[in-house]
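Residue-level listing of the chains:
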Amino acid sequence: MDTDRTREELRVPALPAGTRLLHIGPHKTGTTAVQGALFAAKEEMARHGVDFPAHSRHPIEAVLAACARPAMMGDPVPTERHWRRLLDQVAATGERTSVISSEFFADAEDDATIARIVEQLGGDRVHVLVTLRPLTRIMPSQWQQYVQNGLRLGYEPWLEHMLRRAPYDRPTPSFWRRHRHDRLVERWAAATGPGRVTAVVVDDRDRDALMRTFEALLGLPGGLLRPVPETANRSLTLAETEMLRHLNKEFRGNELPEELYSRLVRHGAIAHMKNACGPTPRDVKISTPQWALEAAAGIGAETAARIGSLGVRILGDPEALARVPASGERAGEPRLAPEMAAQALFGMLTAVAATNGTGKGRTVHRTSSKELVKVLGHRCLKRLRLR
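Given the structure is predicted, the values throughout are model-derived calculations rather than measurements. (Residues numbered from 1 in each chain as written. Predicted model: local features only at pLDDT ≥ 70, side-chain atom pairs only at ≥ 80, totals over all residues. Heavy atoms only, no water.)

J.: Got a minute to help me understand the nonpolar core in this structure?
T.: Most often, soluble globular proteins have nonpolar side chains that are buried together. Core analysis: the biggest nonpolar cluster contains 64 residues, and L22, M45, W83, V99, F105, W188 and L225 have the highest contact counts within it. Sorting elements by how many residues they give to this core places helix 11 (residues 208–218) first, with six residues. The contacts of V99, once residues within four sequence positions are left out, are L21, L38, M45, V50, D51, F52, P53, F214 and L218. (Core = buried A, V, L, I, M, F, W, Y, C linked by side-chain atoms within 4.5 Å. Buried < 20%, exposed > 50% of the residue type's maximum accessible area, 1.4 Å probe, protein only. Helix = DSSP H or I, 4+ residues; strand = E, 2+ residues; numbered from the N terminus. Contact = heavy atoms within 4.5 Å.)

J.: Help me understand unusual backbone geometry in this model?
T.: Only a minority of non-glycine residues have a phi that is not negative, and only a minority of peptide bonds are not trans. Of the consecutive residues G25 and P26, the connecting peptide bond is found in the cis state with omega at 10 degrees. Positionally, P26 belongs in the loop between strand 1 (20–23) and helix 2 (31–40). Cis geometry is adopted by the peptide bond preceding P171, which originates at R170 and carries an omega value of 5 degrees. Among the structural elements, P171 can be located in the loop between helix 8 (155–164) and helix 9 (174–179). Positive phi is not limited to glycine here, since K28 has a value of about 65 degrees.

J.: Would you explain the packing of helix 7 (residues 135–148) against helix 12 (residues 238–253) in this entry?
T.: Think of two packed helices as two axes; the pair is described by the angle between the axes and how far apart they sit. Packing of helix 7 against helix 12 leaves a shortest axis separation of 9 Å and a crossing angle of 35 degrees. For the pair helix 7 and helix 12, the sense of crossing is left-handed. Only L238, T241, E242, L244, R245 and N248 of helix 12 make contact with helix 7, whose side of the interface consists of W143, Q144, V147 and Q148. For the contact of helix 7 with helix 12, the per-class residue count stands at four nonpolar, four polar and two charged. (Axes fitted to C-alpha atoms, helices over the stretch in contact; angles between N-to-C directions. Left-handed = near helix turned anticlockwise from the far one by under 90°. Nonpolar A, V, L, I, M, F, W, Y, C, P; charged D, E, K, R; others polar.)

J.: Could you clarify how one ought to interpret the pairing of strand 4 (residues 126–132) in this entry?
T.: The two faces of the sheet receive side chains in turn, since in a regular strand these alternate between them. The buried count for strand 4 comes to seven of seven residues, which makes it a mostly enclosed element. Neither face of strand 4 is left uncovered, since the one carrying V126, V128, V130 and L132 and the one carrying H127, L129 and T131 both have all their residues buried. The sheet contact formed by strand 4 and strand 5 (residues 197–201) spans five bridges and is parallel. When the sheet's bridge partners are listed, T131 is paired in strand 5 with V200. (Pairing = 2+ DSSP bridges.)

J.: Honestly, the pairing of strand 5 in this entry has me stumped. Any pointers?
T.: Counted residue by residue, strand 5 has five buried out of five residues, so it is predominantly covered. Here strand 5 shows a buried face lined by V197, A199 and V201 and a second buried face lined by T198 and V200. In this sheet, strand 6 (residues 313–315) lies alongside strand 5 in parallel orientation, the contact comprising three bridges. Across the sheet, T198 pairs through a bridge with R313, a residue of strand 6.

J.: Which parts of the structure should I look at to understand the packing of helix 2 against helix 11?
T.: Contact geometry of helix 2 with helix 11 gives a least axis separation of 10 Å together with a crossing angle of 50 degrees. One element, helix 2, and the other, helix 11, form an angle in the oblique class. The chirality of how helix 2 crosses helix 11 is right-handed. When helix 2 is examined against helix 11, the residues A33, V34, A37 and L38 are found in contact with a partner set consisting of L210, M211, F214 and L218. Classifying every residue of the contact of helix 2 with helix 11 by side-chain character gives eight nonpolar, no polar and no charged. (Parallel < 35°, antiparallel > 145°, perpendicular 65-115°, else oblique.)

The quantities given are spatial measurements derived from coordinates; they are silent on function.
Here is the structure:
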């Protein structure tokens, strides 16, 4: 990719020095890739006058606390202390430009909460960046993400609820709060004024364009932000998602504690499966029926027209939000490869091994294989001695 040519095509002037760029997502619009790139380049960005004021790639606990939203199923409850710590980190940047990114800002429900967040982050220094993708691309990805957080409903029944069953807020009320993008942009523009909101329509054909947009807005050299493979948040295949969905049914049916789900399933089985092996050409993808594609494209057309009337800056092609893609016909029945099932099971085992009997542990991808084997071996020996 010719980054200089891409920057020239964008023609995006840098925001004023001292701006606090607030990227609010929403989910499934390239947020994980952007956060990984920003975090990996934070030292280099600082040399160019731009700070990334967070100690982790994604300060999720702080943002959930600010938006008064619950944690992921079974995760620790976020507190005001998390948010205050992030605010202190932002304040420490002084008059320098800074960038904060979390898709969970899109979960803020009411105008008062959004106004408070903007004021606490710097008031008129805040410029909001919203990244947008067509609903037709978001729906399958968001459904499998909900399944990773305990959803038990199949894809097509879920689409029925979201698109055909008023008031369209069950079983996942956060979906339209995040993905009725015109209302999302309108809520945040009410707090900052439309002149301090930029909406970027993400082009899936050019993944580098989003990185170049961030560089242009922040006044960074072209090519400084690069995707980081280790932070790739790949979606599950249909077979993987269906396996997990049926596990969710068993989990709920047996009334097991949610903390166990967080530790063993999300941070154990799912994390290890996603990090250990990727999908193959033989894997069946999640396909959306034609009626749902047309309904989503219709909402996308309304969304694009409404955003265009709000007076915010729009980068990219808003008409992309309204296009109806070809219907994705399912190529055969989903079958989970044995090695995938083995990786999921091993992820659960290593999560147990890493816990050390405390109920708390590191996620599997933060623990070396050598250490996991050592801990698991000690536990097996201990149990043999007890028997």
